[in-house]
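For reference, the chains in residue letters:
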Amino acid sequence: MTGGETGGGGAPAEGPEASDGRRGVTRRRFLVWSATGVGVLFGAGYLSRGVWRRFLAGYANAGEFPYGGPMDPSLWFEIGVDDRVVLHSAKVEMGQGTFTGLAQIAADELEVDVGRIRVVHASTSSGNVDPFATGGSTSISSLWQPLREAAATLREMIRIEGARQLGVDPSAVTIDDGVLTAPAGSLTYGAVVEAAGEWEVPETPPLKEVSDYRYVRQPVPRVDLEEKVFGAPIFGMDAEMPDMLFGAVARPDRIGARFVSADGSRAAAMPGVVRVVIEDDFAGVVAETFTAAARALQALDVEWAVERSWSDEDIRAMVRTGRGTDHVIQREGSVGRAFDSGEVIEAEFTSPIGAHAQIEPGVALAHVEADRATVMISTQVVGLTRRQVADALGLGVEAVDVRPMFLGGGFGRRLHTPIAVDAARLSRAVGRPVKVTNTRKQEFQRDTFRPPTHHRLRATLEGEGRIGAIEHRVASGQVAIGSPLVPALAQTVIGHDIGAWRGGMIQYRAIPNHQAVSRTVELPFSTSWWRSLGLLANTFAIECFMDELAEAAGRDPVELRLDHIADDEAGRRLRAVIEACAAQAGWRDGGVGGVAPGSEAASAPTSAPTSAMGFAASTDANTPCAHVAEVRVDEGRIRVEKVTCVIDPGLAVNPDQVRAQCEGSVVMGLSAALYEEMTVTDGVLGPTIYGPYRMATLADAPREIDVEILENADVPGAVGEPPLGPIGAAIANAVWRLTGVRLRDMPLQPALDRALAGAA
Amino acid sequence: MVAFTLNGEPRTVDVDGGTPLLWVIRDEFGLKGTKFGCGLAACGACTLLVDGEAVRSCVLPVSAAEGLDVTTVEGLGSPDDPHPVQQAWIEEVVPQCGYCQPGFMMATAALLADVPEPTDDEIDARITNVCRCATHHRIRRAIHRAAEIGSTREGAE
């Protein structure tokens with residue numbers, strides 16, 4: 001990668017020349033001119049470690065996800081003569097706050113004020129391409145070490161070069177906020193870069209102590225606040241190119257529909273239509289405006305073939321434990337022997353199909369020219385998208401530049417963005433840039449859904465209220481298997497679906513016999529990554545069942561859990577989170593207003609308390625989290641008044657953003673657990689619009705969310721997904737304490753409606 | 001030809017009168033702060049102010065704005081002179097992905113113009129936009145904070 005490669009006559013607006021001229025920044029890739037070997041050195045070092053193997057093994061065990069992209073400082077950093085630092089992030093910003101955390105980490109090792117760091121998305125032509133994805137709650141944890149090393153290396157390179165310019169030994173130079181000072185004088189980073197000749201690359205210097213950092217572990221405000229509060233055009237939806245047209249692509253309503261033929265004559269006659277494109281199994285329209293494209297799409301007559309009309313009953317029957325191939329994912333002792341010899345307590349749980357429902361629909365802008373293509377898109381998979389576009393156009397990947405834009409929500413929806421290929425096909429057909437947007441209906445119907453699940457829990461109790469054996473069997477639609485992100489070979493090697501069973505292991509490993517068994521089913525529609533993967537459903541089942549065991553054993557549910565936690569590091573961190581959450585929420589024997597199981601109050605609604613607490617905990621990717629939900633039921637309506645959330649993500653790079661992720665996870669999880677459900681009727685998935693697809697609004701969100709952060713590990717761990725785990729179970733457990741009704745099927749509100757209707 | 005005032009400037013545009021106001025503002029006038037979410041007035045991402053009223057612009061024909069005063073998030077305030085709602089959104093660090101936030105801020109601006117110090121129940125009833133990052137907790141705090149800032153500024157004038 002050199003400046004020359006992107007410096008042709010048709011240089012993109014963001015290219016080095018334009019950038020130099022407009023912003024007065026010299027040496028955009030300031031190392032490239034003199035140290036092209038550095039990239040190879042760094043890149044090879046990080047890439048040769050069997051990224052995939054480590055990823056898959058690590059992910060399966062603990063959600064660990066080493067960063068596999070290049071860490072050459074020259075690909076990540078750009079320093080201008082105005083001393084501003086631009087950080088080109090290979091991870092995308094979808095709301096999770098990664099840009100802010102990366103800026104903090106870089107500022108501390110670079111020794112500059114965090115306010116001078118501007119974080120932007122790295123385009124693929126910059127050479128800084130994440131070979132995998134932004135997802136799995138891994139952006140900060142996977143970059144924590146390599147980004148600090150890259151920033152520290154860059155700082156030392158500047159120190160060495162600055163010392164040379166000052167005519168002193170590098171050891172005589174001190175650095176403070178981007179200024180090098182020596183007895184001979186001082187220089188800013190920008191001045192050093194401007195006058196630099198050959199760069200000397202030192203060994204990776206020792207990193208600072210965390211206690212010496214100024215920004216890491218501080219609640220630094222988000223670096224993208226201003227753009228987002230004043231309406232800057234930063235999202236994929238906002239992307240523009242000169243002479244841009246608007247496209248729309250036909251997609252079938254019905255599950256499993258196959259393209260047969262299309263008649264574009266009506267659409268072609270619509271006002272503003274530039275071209276109707278019908279190729280192979282593809283039909284789309286290109287028009288002068290968004291509205292014209294949307295109207296023309298309505299007039300595009302496509303014949304689809306459907307072999308079977310699917311129903312909810314069909315899907316439910318497919319997703320059942322006890323049928324198909326089981327994979328044991330966790331086994332200790334023998335649950336079989338325990339179940340043969342003792343009284344078995346048993347319960348079944350289900351969760352529905354869930355939609356991502358992110359507010360920015362799928363959108364991509366592509367410009368295909370004779371021998372190259374440019375794509376501007378909101379995507380979590382920059383590298384995969386580039387490859388898919390290149391393959392579709394018959395170009396090499398280096399001929400395709402993907403420029404990531406801010407995402408109007410990710411949640412896993414944009415871990416597959418073939419809409420870039422749709423835009424590229426339309427652009428190729430008309431020879432102009434084309435922006436394709438999904439309709440909201442397409443977005444709901446053609447989502448990569450959270451798969452429906454079915455769970456069977458069994459356990460035996462021993463004397464003194466202890467659990468002798470427990471087993472969790474989960475059947476789920478696919479998550480990782482079938483995803484274009486996971487190569488077929490890796491899918492074969494691993495065999496079981498690491499996404500579907502996430503959160504499905506028994507975390508109470510002091511139970512002498514425990515086992516978890518996973519089964520996945522390929523459904524006739526696409527199911528895949530949804531924020532936290534299987535965690536929400538698996539935790540719902542296991543943690544509701546733990547409450548049922550507490551009832552059967554006559555134990556306090558929190559104490560029962562604490563009694564079965566293993567005495568190792570993971571166990572101690574889980575214990576600390578559970579104890580802190582119970583203390584913070586004021587949990588006492590069933591919580592405020594709790595109804596003792598089987599008591600008179602439980603069967604006498606008139607004297608029953610008006611609210612109750614429910615408890616649940618989960619461990620996801622090494623991050624334990626516990627929730628206490630305080631719940632009221634008003635005329636049958638479940639109201640979550642307060643949630644106490646305690647999380648231990650290890651070192652919290654930005655405590656305020658950890659908090660924000662917890663608040664968001666609590667309410668997104670509450671929304672999914674209480675209300676959300678896609679259904680299949682006459683072969684069609686619905687609903688296809690917000691409202692009928694009910695999501696929590698301000699009126700449904702808890703008025704109080706109390707987040708406490710523990711940091712019982714010295715490196716950052718997962719944050720964005722783990723706090724989604726416990727919420728469904730915490731609410732259901734509270735509803736039981738309040739009403740005596742066990743809710744074993746999500747979404748919980750309709751389940752309670754049915755239970756109350758049945759009781760009336 | 002349709003004529004209306006956009007962020008204080010008189011503007012005219014030659015488009016089909018049935019074109020939703022959202023697309024005229026985004027693609028004819030290039031102001032991208034007003035967002036497309038659903039196209040059926042169900043999510044509120046496209047909320048802007050028409051003569052001070054919060055309107056979901058994805059279903060409002062531009063012809064209906066003839067002669068009226070339209071304000072988008074770009075016209076609400078600027079980094080140098082933020083509207084109390086924007087100031088509160090910054091102080092409370094509300095946005096995550098940020099896509100729905102202009103709609104929430106415009107709906108809040110209209111609410112506070114009507115009800116300068118809304119109760120939680122009034123907020124629940126009036127602000128019905130959808131946010132998938134689930135920033136509801138901070139949005140509520142920011143609405144109360146914006147009310148405070150508004151009353152302070154008013155007192156100062």
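Cut-offs and rules
- Residues numbered from 1 in each chain as written.
- Chains lettered and ligands numbered in written order.
- Predicted model: local features only at pLDDT ≥ 70, side-chain atom pairs only at ≥ 80, totals over all residues.
- Heavy atoms only, no water.
- Helix = DSSP H or I, 4+ residues; strand = E, 2+ residues; numbered from the N terminus.
- Buried < 20%, exposed > 50% of the residue type's maximum accessible area, 1.4 Å probe, protein only.
- Contact = heavy atoms within 4.5 Å.
- Areas by Shrake-Rupley, 256 points an atom, 1.4 Å probe, with all protein chains shown as cover.
- Domains from an automatic or database assignment.
- Buried area = accessible area lost by both parts, 1.4 Å probe.
- Salt bridge = Lys/Arg side-chain N within 4 Å of Asp/Glu carboxyl O.
- Polar contact = N/O pair within 3.5 Å; in protein donor to acceptor, adjacent residues only side chain to side chain.
- Nonpolar A, V, L, I, M, F, W, Y, C, P; charged D, E, K, R; others polar.
- Expected span 1.5 Å × (residues − 1).
- Core = buried A, V, L, I, M, F, W, Y, C linked by side-chain atoms within 4.5 Å.
- Pairing = 2+ DSSP bridges.
- Axes fitted to C-alpha atoms, helices over the stretch in contact; angles between N-to-C directions.
- Phe/Tyr/Trp six-rings, centres within 6.5 Å; stacked < 30°, edge-to-face > 60°.
- Lys NZ or Arg CZ within 6 Å of the ring centre and 35° of its normal.

Enquirer: A description of the overall build of chain A should follow, citing residues and the corresponding values.
Expert: What chain A contains, in helices and strands, is 23 helices and 26 strands. Taking all 760 residues of chain A together, 63% fall into the buried category. Counted over contacts in chain A with a minimum sequence separation of 6, partners at least 24 positions apart contribute 77%. As presented, chain A carries roughly 26,700 Å² of accessible surface, and 48% of it is formed by carbon and sulfur atoms.

Enquirer: Residues and numbers for the environment of A:Glu551, please.
Expert: Residue and element names in this part refer to chain A. With respect to the helices, strands and loops of the structure, Glu-551 is situated in helix α17 (residues 535–553). Classification of Glu-551 by relative accessible area gives partly exposed; the value is 34%. With 86 residues separating them along the chain, Glu-551 and Gly-465 place their C-alpha atoms 10.0 Å apart.

Enquirer: Can you explain the domain arrangement of chain B? Please cite residues and give values.
Expert: Residues and elements named next belong to chain B. Here chain B is partitioned into domain 1 (2–76) and domain 2 (84–156). For domain 1 and domain 2, the distance between their C-alpha centres works out to 21 Å. For the pair domain 1 and domain 2, the two sides together bury roughly 1,200 Å², of which 64% comes from carbon and sulfur. Connecting domain 1 to domain 2 are zero salt bridges. Joining domain 1 to domain 2, the criterion identifies six residue pairs in polar contact (both at pLDDT 80 or more). Put simply, the parts of the chain that give the side of domain 1 that touches domain 2 at least two residues each are β3 (47–50), β4 (53–56) and α2 (73–76). Per element, the largest residue contribution to the side of domain 1 that touches domain 2 is three residues, and it comes from β3. Tallied by class, residues from the side of domain 1 that touches domain 2 come to nine nonpolar, six polar and two charged.

Enquirer: Give a detailed account of helix α14 (residues 419–430) of chain A, specifying residues and quantitative values.
Expert: Residues and elements named next belong to chain A. In a regular helix each residue adds 1.5 Å, so twelve residues correspond to 16 Å; α14 covers 17 Å between its end C-alpha atoms and thus fits that length. Buried residues dominate α14, accounting for ten of its twelve residues. Every buried residue of α14 is listed here: Ile-419, Ala-420, Val-421, Asp-422, Ala-423, Ala-424, Arg-425, Leu-426, Ser-427 and Val-430. Following α14 by one or two positions, Gly-431 has its phi on the positive side, about 70 degrees.

Enquirer: For unusual backbone geometry, give the residues involved together with the corresponding values.
Expert: All names here are of chain A. Looking along the chain, the bond that leaves Gly-686 and enters Pro-687 is cis, with omega of -5 degrees. Looking at where Pro-687 falls in the secondary structure, it is placed in the loop between β25 (684–686) and β26 (704–709). For the bond running from Met-746 to Pro-747, omega is 0 degrees, close enough to zero to count as cis. Examined against the element boundaries, Pro-747 turns out to sit in the loop between α22 (727–739) and α23 (748–759).

Enquirer: For the nonpolar core, give the residues involved together with the corresponding values.
Expert: Judged by nonpolar contacts, the single largest core of 219 residues is most densely connected at A:Trp76, A:Phe77, A:Ile578, A:Ile731, A:Leu748 and B:Trp89. Here the element with the most residues in this core is helix α6 (residues 139–166) of chain A; it accounts for eleven residues.

Enquirer: Provide a residue-level description of the interface of chain B and chain A, including the pertinent values.
Expert: How large an interface is tends to be reported as the accessible area lost when its parts come together. The partner chain A presents 59 residues to the 55 residues of chain B that form the contact. When the area that chain B buries against chain A is broken down by residue, the three leading residues are B:Gln96, B:Arg132 and B:His137, summing to 19%. At the junction of chain B with chain A, the criterion picks out ten salt bridges. B:Asp124 is paired through a salt bridge with A:Arg703; the nearest N and O atoms lie 2.6 Å apart. Taken together, the connections running from chain B to chain A amount to 22 residue pairs in polar contact (both at pLDDT 80 or more). The set of elements that each furnish at least two residues to the side of chain B that touches chain A consists of α1 (21–28), α2, α3 (84–91), α4 (101–114), α5 (120–126) and α6 (136–156) of chain B. Among the elements that make up the side of chain B that touches chain A, the one with the highest residue count is α6(B) (seven residues). Here the residues of the side of chain B that touches chain A sort into 27 nonpolar, 14 polar and 14 charged.

Enquirer: Just give me the short version of the sheet that holds β4(B), but keep the residues and values in it.
Expert: All names here are of chain B. The strand order across the open sheet formed by five strands is β2-β1-β5-β3-β4, and the pairing between neighbours is mixed. Of all the strands in the sheet, just β2 (9–13) and β4 have a single pairing partner and so form its edges. Here the average twist between neighbouring strands, direction ignored, is 40 degrees. In this structure, β3 lies alongside β4, joined through four bridges in antiparallel fashion. Bridge pairing in β4 places Val-50 opposite Glu-53.

Enquirer: Which residues make up the sheet that holds strand β3 (residues 117–121) of chain A, and what values go with them?
Expert: Residues and elements named next belong to chain A. One open sheet holds the three strands; their spatial order is β1-β2-β3, and the pairing between them is mixed. Unpaired on one side and paired on the other, β1 (77–79) and β3 mark the two borders of the sheet. The sheet shows a mean angle of 25 degrees between the axes of neighbouring strands, direction not considered. In terms of strand pairing, strand β2 (residues 85–89) meets β3 through five bridges, oriented parallel. Residue pairing in the sheet places Val-85 in a bridge with Ile-117 of β3. Sitting on the sheet, helix α5 (residues 98–110) is in contact with β1, β2 and β3, with an inclination near 135 degrees to β3.

Enquirer: How would you explain the packing of aromatic side chains if you had to name every residue and give the values?
Expert: Going through the model one piece at a time under the given rule, you end up with 14 aromatic pairs over all chains. Taken together, a centroid distance of 5.5 Å and an interplanar angle of 75 degrees make the contact between A:Phe444 and A:Tyr690 edge-to-face. Separated by 246 residues along the polypeptide, A:Phe444 in helix α15 (residues 440–445) and A:Tyr690 in the loop between β25 and β26 bring together distant segments of the chain. The two residues A:Phe444 and A:Tyr690 agree in class, both being buried. Geometrically, the ring pair formed by A:Phe444 and A:Tyr693 is tilted, given 5.2 Å between the ring centres and 55 degrees between the ring planes. One end of the pair, A:Phe444, is in helix α15; the other, A:Tyr693, is in the loop between β25 and β26, and 249 residues separate them in sequence. Of the residues examined, A:Phe444 reaches a relative accessible area of 1% and is grouped as buried. Taken together, the ring pairs in this structure connect A:Phe290, B:Trp23 and B:Phe36 into an aromatic cluster. The positively charged end of A:Arg148 is found above the aromatic ring belonging to A:Trp144, 4.0 Å away from the centroid. Seen from the ring of A:Tyr675, A:Arg694 lies directly overhead, with NZ or CZ sitting 3.7 Å from the centre.

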